[in-house]
Amino acid sequence: MNKKVITASGRRKSSTAQVKMVPGTGKIVVNGRDVNEYLPFEVLVMDLKQPLVATNNETTFDITVAVRGGGFSGQTGAIRLAITKALLIYDEGTDASSETSYRKILKEAGFITRDPRVKERKKYGLKKARRAPQFSKR
């Protein structure tokens with residue numbers, strides 16, 4: 001029984017996700033729980049599965065995820081990037097310029113680029129990063 005395990009990691013905001021992808025039936029487990037049980041909103045589950053849907057691999061792989069830090073949205077983005085990287089590793093042998101290569105499909109959909117936006121630090125004298133205290137003339 002020779003199952004090739006593909007591992008990849010992804011990050012978003014303050015979340016980090018490690019993904020293990022093996023050939024299977026499409027089952028996704030996040031931190032030991034089913035993805036629909038772990039994530040509170042169906043929109044987040046759909047967002048997480050987008051790379052698999054774009055490459056027609058929803059039922060091709062079993063995915064195990066270990067994710068830490070941040071909230072549900074950041075964790076979803078980290079998992080999506082990790083799944084994208086794992087798919088690229090799986091499809092390494094294919095010519096990148098062909099129409100059916102995962103790299104071309106995922107690049108056009110915008111899944112390969114990591115979203116660099118993170119929360120801006122709070123500055124002294126302000127209530128938040130840019131929110132100043134209310135000005136009172138009298």
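Residues numbered from 1 in each chain as written. Predicted model: local features only at pLDDT ≥ 70, side-chain atom pairs only at ≥ 80, totals over all residues. Heavy atoms only, no water.

Assigned secondary structure in the chain consists of four helices and five strands. Ordered by position from N to C terminus, the α and β elements of the chain give β-β-β-β-α-α-β-α-α. Dimensions of the chain, computed from the C-alpha atoms along their principal axes, are close to 75 × 35 × 20 Å. Residue burial in the chain is summarised as follows: out of 138 residues, 32% are buried. Long-range contacts, defined as pairs at least 24 residues apart, comprise 67% of the intrachain contacts of the chain with a sequence gap of at least 6. With an accessible surface of roughly 9200 Å², the chain has 52% of that area assigned to carbon and sulfur atoms. Across the chain, the 27 positively charged side chains and the 13 negatively charged ones have centroids separated by 17 Å. (Helix = DSSP H or I, 4+ residues; strand = E, 2+ residues; numbered from the N terminus. Buried < 20%, exposed > 50% of the residue type's maximum accessible area, 1.4 Å probe, protein only. Contact = heavy atoms within 4.5 Å. Areas by Shrake-Rupley, 256 points an atom, 1.4 Å probe, with all protein chains shown as cover. Lys, Arg positive; Asp, Glu negative; His and termini not counted. Charge placed at Lys NZ, Arg CZ, Asp CG, Glu CD.)

Within the chain, Asn-31 stands out as a residue other than glycine whose phi angle is a positive 50 degrees. In the Ramachandran plot, Asn-56 falls in the positive-phi region, its phi being about 55 degrees despite a non-glycine side chain. You can call Asn-56 exposed: its relative accessible area is 62%.

A sheet is described by the order of its strands in space; here five strands give the open sequence S1-S2-S5-S3-S4, paired in mixed fashion. The sheet is open, and its two edges are formed by strand S1 (6-12) and strand S4 (33-34), each paired on a single side. Across three bridges, strand S3 (residues 28-30) lies against strand S5 (residues 61-68) in parallel orientation. Considered in S5, the bridge of Val-29 is made with Thr-64. Along the sheet, helix H3 (residues 72-90) makes contact with S1, strand S2 (15-23), S3 and S5, crossing S1 at roughly 145 degrees. (Pairing = 2+ DSSP bridges. Axes fitted to C-alpha atoms, helices over the stretch in contact; angles between N-to-C directions.)

Within the element layout of this structure, Thr-76 appears in helix H3. The contact partners of Thr-76, leaving out residues within four places of it in the chain, are Leu-39, Leu-44, Asp-47 and Leu-48.

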